[in-house]
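Residues per chain are reported as follows:
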Protein chains: 2
Amino acid sequence: MPTAPALLTDRYELTMLAAALADGTAGRDCVFEVFARRLPHGRRYGVFAGTGRLLEALPHFRFGDEELATLRDQGLTDRRLLDWLADFRFGGDVDGYAEGELFFPGSPVLTVRAPFGEGVLLETLALSILNHDSAIAAAAARMVAAACERPCIEMGSRRTHEQAAVAAARAAHLVGFAASSNLEAGRRYGVPTTGTSAHAFTLLHDDERAAFRAQVETLGTGTTLLVDTYDVEQGIRTAIEVAGPGLGAIRLDSGDLPTLASRARELLDELGATGTRVIVTSDLDEYAIAGLLAAPVDGYGVGTSLVTGSGAPTAGMVYKLVERDGVPVAKRSEGKNSVGGRKHAVRRHGADGTATAEVVSSAPIEPRTGDRDLVIPLVRDGALCDDVAPPEALRRARAHHARVREALPAEAWALSRGESVLETLTA
Amino acid sequence: MPTAPALLTDRYELTMLAAALADGTAGRDCVFEVFARRLPHGRRYGVFAGTGRLLEALPHFRFGDEELATLRDQGLTDRRLLDWLADFRFGGDVDGYAEGELFFPGSPVLTVRAPFGEGVLLETLALSILNHDSAIAAAAARMVAAACERPCIEMGSRRTHEQAAVAAARAAHLVGFAASSNLEAGRRYGVPTTGTSAHAFTLLHDDERAAFRAQVETLGTGTTLLVDTYDVEQGIRTAIEVAGPGLGAIRLDSGDLPTLASRARELLDELGATGTRVIVTSDLDEYAIAGLLAAPVDGYGVGTSLVTGSGAPTAGMVYKLVERDGVPVAKRSEGKNSVGGRKHAVRRHGADGTATAEVVSSAPIEPRTGDRDLVIPLVRDGALCDDVAPPEALRRARAHHARVREALPAEAWALSRGESVLETLTA
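Residues numbered from 1 in each chain as written. Chains lettered and ligands numbered in written order. Predicted model: local features only at pLDDT ≥ 70, side-chain atom pairs only at ≥ 80, totals over all residues. Heavy atoms only, no water.

**Digging into the pairing of strand β12 (residues 317-324) of chain B**
Residue and element names in this part refer to chain B.
Right, on to step 1. Burial within β12 is extensive, with seven of its eight residues counted as buried.
Right, on to step 2. Strand direction decides the pairing type here: β12 and strand β13 (residues 327-328), joined by two bridges, are antiparallel. Residue pairing in the sheet places Glu 323 in a bridge with Pro 328 of β13.
Right, on to step 3. Turn length for the β12-β13 hairpin, with the two strands adjacent in sequence and antiparallel, is two residues, and the turn residue Asp 325 shows positive phi of about 50 degrees. (Buried < 20%, exposed > 50% of the residue type's maximum accessible area, 1.4 Å probe, protein only. Helix = DSSP H or I, 4+ residues; strand = E, 2+ residues; numbered from the N terminus. Pairing = 2+ DSSP bridges.)

Now the structure itself:
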């Protein structure tokens, strides 16, 4: 049986539901809000990602016979609970920031309005998807910024869970990565895929020349030859001898990349391969990418640091009950105070179009010139407001992200640790 | 179509295969080795995890009509490649460390012997699974050590990719976590699942008393009541009033936990609830767990830091071609030297049974008293050597891990940053 999304859930959602069904509170009208109390240390903005994946899963979030049998096997045998789950389909409303939108501490990125029983069931899956995808998107956005206009390629599948890899490729493309190595990301989301060869391919052959010849014969002269298996300079000479000066690209995957890239560029030019691009890989992160800005590099392949969120592997969003039967509610004990009530949110902009503040309030916000409403309807009475195919949802999110990041103040793009670049005002 | 494991693959594995098929090298007898060049910064040992998941996936690693159509859609249209893939099933041998085994820099944790074309295809999936699961297992093992004999519960699903969450729950249980919140981990791997309630359940009710009453009526007095939604002391008093002194446990999820736990214990004892356990959660990691050792705590719930590898979210293993047609091969350019040749490995032990070294060699190792062979056969001619159900594979790995960690020298358990606790000798 393939995994049903309903089982990708923490057990306590079901025990709460069972107890709420028993005492009649499961039907109370509730509002749950997803937000981050803070950005990861030193980060200046967040990128909201994963909505498309959550909305893909939502219609399949059901408890069929096999899921119910699983619950019984694990001791969740309450008859009232199982009967209720057998009939369950989410019938509430979901509003949220558009996928690809930026967010700041306290931004109400997703709001679920539903009877308690329906809303509480979505907590685990919603947070899993949004926390993962937003963490990757935020790291990727910093890399895209650091690379300026040079293309970034996602190639981190080998460094993260095999399914997380697909979501990571999607999140990276969302914020501007050009392509991914992951074939399933191509199939499911239409992310362009690329890939040519690894050191193993060179080592398989009797010598580098034989490997290059085999690759060029099959993949064409537009391919990328990996030239650092033995000696980089000799590798480049052999590459151009085999492929001719029309070779698409060379790849460097080790050593001191700024120096190597400069030498490689000079040598390629000397050999007449002035159009052959220089692609660098090898444990790059946003800082290493920035450090290569002055080097003659034409593209970056990024792996480990991307799929692990470059030091911030989860976005730290929580899913909190903020309103019950129209009354704002919030935890009051020390340490983790939250603001109750359903939220409105706008991004405020100055006369030049630059964003100046995130305004969040449980009361309606008096509109000012330059305000942009951030919360849009996503689900009404359980039905998706805009049921588009996964690749199209990603395409739209990518376009939205590109648009909204334009409005950020310039200090957002500093890689150094800083404060949130927009203050969150509670109007 | 559910995800086929064959598409959880980097495109370059297929382009290399296409080129190797074209020039006749795809059939060369190859040995690929999985190893980590180093442990994550400051870590003293690694834990090898994920083998069970990899062996589960292996028989399904095929290219059916839909997978082949996907490849064509992405421009992989080479006729020879597609025909070869249509007939592909892995027919090689896999050897490796037992799941749950410890590893050190250079330990040959997995070895794949197969024609190049078959071996290269497994790289991405093998590394995705092993790097993720080993990272989580290593972090979890430090937490289990820090908790001494007190139980740890995995509850990090909301902080990682929804499928990675299942694997994380499995990896945590492998190294000694008592239970997980994740229902799918219970279904797929037999991990015991637990869970009771969140703050939302208290906030749903008119007051804390009503919430506690509903929970106790449905889940019984053995349940765990979350007492910190409003005021901890009042919460504890109400909990015992509602459930009686036989209440199973209380949970504290915020504030200064050592102080709160001590006060909670005193108050519970005062109220006659001497058997009621104190469970703590709230952003715990191995250091916070160690910091609570003197506090009267009966169990730890761990989330974010566990599923993100507590600072080391990937294990850094690589999959390298080390032998071709019986000849050792290795990359020679600067920066990333590797040792060629298929490896033997033993763990050497002193007279008192304490491990003293990891011995790794491409030549047979002359056995000494106390040596334990580390490499076992996993797959022969494509068939699993020991085809056990996933829960049984996990149970065995858990038992193996518990056995082998006993032999580590005491300094392995220090949480401070240090060197690998065993030196890797190349005999």
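**Here's the deal with the interface of chain A and chain B**
Right, on to step 1. With 96 residues of chain A at the contact, the number on the chain B side is 96 residues.
Right, on to step 2. With both sides pooled, the region where chain A packs onto chain B buries about 8000 Å², and carbon together with sulfur makes up 58% of that total.
Right, on to step 3. The largest per-residue losses of area from chain A upon contact with chain B belong to A:Arg158, A:Leu183 and A:Leu204, which jointly make up 10% of the total buried on that side.
Right, on to step 4. The residue B:Arg324 makes a salt bridge to A:Asp206 at a minimum N-O spacing of 3.9 Å.
Right, on to step 5. In this structure, the connection of chain A to chain B is made through 52 residue pairs in polar contact (both at pLDDT 80 or more).
Right, on to step 6. In terms of residue count, helix α1 (residues 11-23) of chain A provides more of the side of chain A that touches chain B than any other element does, ten residues in total. (Contact = heavy atoms within 4.5 Å. Buried area = accessible area lost by both parts, 1.4 Å probe. Salt bridge = Lys/Arg side-chain N within 4 Å of Asp/Glu carboxyl O. Polar contact = N/O pair within 3.5 Å; in protein donor to acceptor, adjacent residues only side chain to side chain.)

**Things to note about the relation of the copies chain A and chain B**
Right, on to step 1. When chain A is fitted to chain B, the residual RMSD is 0.0 Å, and the transformation amounts to a turn of 180 degrees plus an axial shift of 0.0 Å. Both copies of the chain, as the preceding transformation shows, are related through a two-fold rotation axis.
Right, on to step 2. Of all interface residues in chain A, 100% are interface residues in chain B too; the two copies therefore contact each other through one and the same surface. (Least-squares fit on C-alpha atoms with pLDDT ≥ 70 in both.)

**Description of the nonpolar core**
Right, on to step 1. Counting 131 residues, the largest nonpolar core has A:Phe63, A:Leu71, A:Phe116, A:Met317, B:Leu252 and B:Tyr300 as its most contacted members.
Right, on to step 2. Non-local contacts of A:Phe63, meaning those with residues more than four positions away in its chain, are made with A:Ala6, A:Leu14, A:Leu68, A:Leu71, A:Leu85, A:Ala86, A:Phe88 and A:Leu121.
Right, on to step 3. If you look at the next biggest cluster of nonpolar residues, it comprises 130 residues, including A:Ala146, A:Ala200, B:Leu8 and B:Ala345. (Core = buried A, V, L, I, M, F, W, Y, C linked by side-chain atoms within 4.5 Å.)

**Side note on the sheet that holds strand β14 (residues 344-349) of chain A**
All names here are of chain A.
Right, on to step 1. In space, the four strands of this open sheet follow the order β16-β14-β15-β19, with mixed pairing throughout. Lying at the two open borders of the sheet, with one neighbouring strand each, are β16 (372-373) and β19 (423-425).
Right, on to step 2. Examined bridge by bridge, β14 and strand β15 (residues 355-361) share six bridges and lie antiparallel to one another. By the bridge assignment, Ala 345 is partnered in β15 with Val 360.

**Here we look at the sheet that holds strand β8 (residues 224-226) of chain B**
Residue and element names in this part refer to chain B.
Right, on to step 1. Taking strand neighbours across the sheet as the criterion, the six strands line up as β7-β6-β11-β10-β9-β8 in an open arrangement whose pairing is parallel. If you trace the sheet from one side to the other, it starts and ends with β7 (179-180) and β8, each paired once.
Right, on to step 2. The pairing of strand β10 (residues 277-280) with strand β11 (residues 299-302) spans two bridges and is classified as parallel. The residue of β11 that forms the bridge with Val 280 is Tyr 300.
Right, on to step 3. Where helix α12 (residues 257-270) meets the sheet, it contacts β9 (249-252) and β10, and its direction lies at approximately 155 degrees from that of β9. (Axes fitted to C-alpha atoms, helices over the stretch in contact; angles between N-to-C directions.)

**What about the packing of helix α10 (residues 208-219) of chain A against helix α11 (residues 232-243) of chain A?**
Residue and element names in this part refer to chain A.
Right, on to step 1. At their nearest, the axes of α10 and α11 sit 9 Å apart, and the two run at 40 degrees to each other. One way to sum up the angle between α10 and α11 is to call them oblique. Regarding α10 and α11, the two cross each other, and that crossing is right-handed. Every residue of α11 that contacts α10 at Glu 208, Arg 209, Phe 212, Arg 213 and Val 216 is listed here: Gln 234, Gly 235, Thr 238, Ala 239, Glu 241, Val 242 and Ala 243. (Parallel < 35°, antiparallel > 145°, perpendicular 65-115°, else oblique. Left-handed = near helix turned anticlockwise from the far one by under 90°.)

**Remarks on the environment of B:Ile365**
All names here are of chain B.
Right, on to step 1. Within the secondary structure, Ile 365 sits in the loop between β15 (355-361) and β16 (372-373).
Right, on to step 2. For Ile 365, a relative accessible area of 15% gives the class buried.
Right, on to step 3. Contacts of Ile 365, omitting those with residues within four sequence positions, involve His 344, Ala 345, Val 346, Arg 348, Val 359, Val 360 and Ala 427.

**Here's the deal with the domain arrangement of chain A**
All names here are of chain A.
Right, on to step 1. On domain assignment, one finds that chain A holds domain 1 (5-136 + 315-425) and domain 2 (148-311).
Right, on to step 2. Between the C-alpha centres of domain 1 and domain 2 there is a distance of 37 Å.
Right, on to step 3. Each partner contributes to the interface: domain 1 provides 21 residues, whereas domain 2 provides 23 residues.
Right, on to step 4. Of the roughly 1800 Å² buried between domain 1 and domain 2 on both sides combined, carbon and sulfur atoms contribute 62%. (Domains from an automatic or database assignment.)

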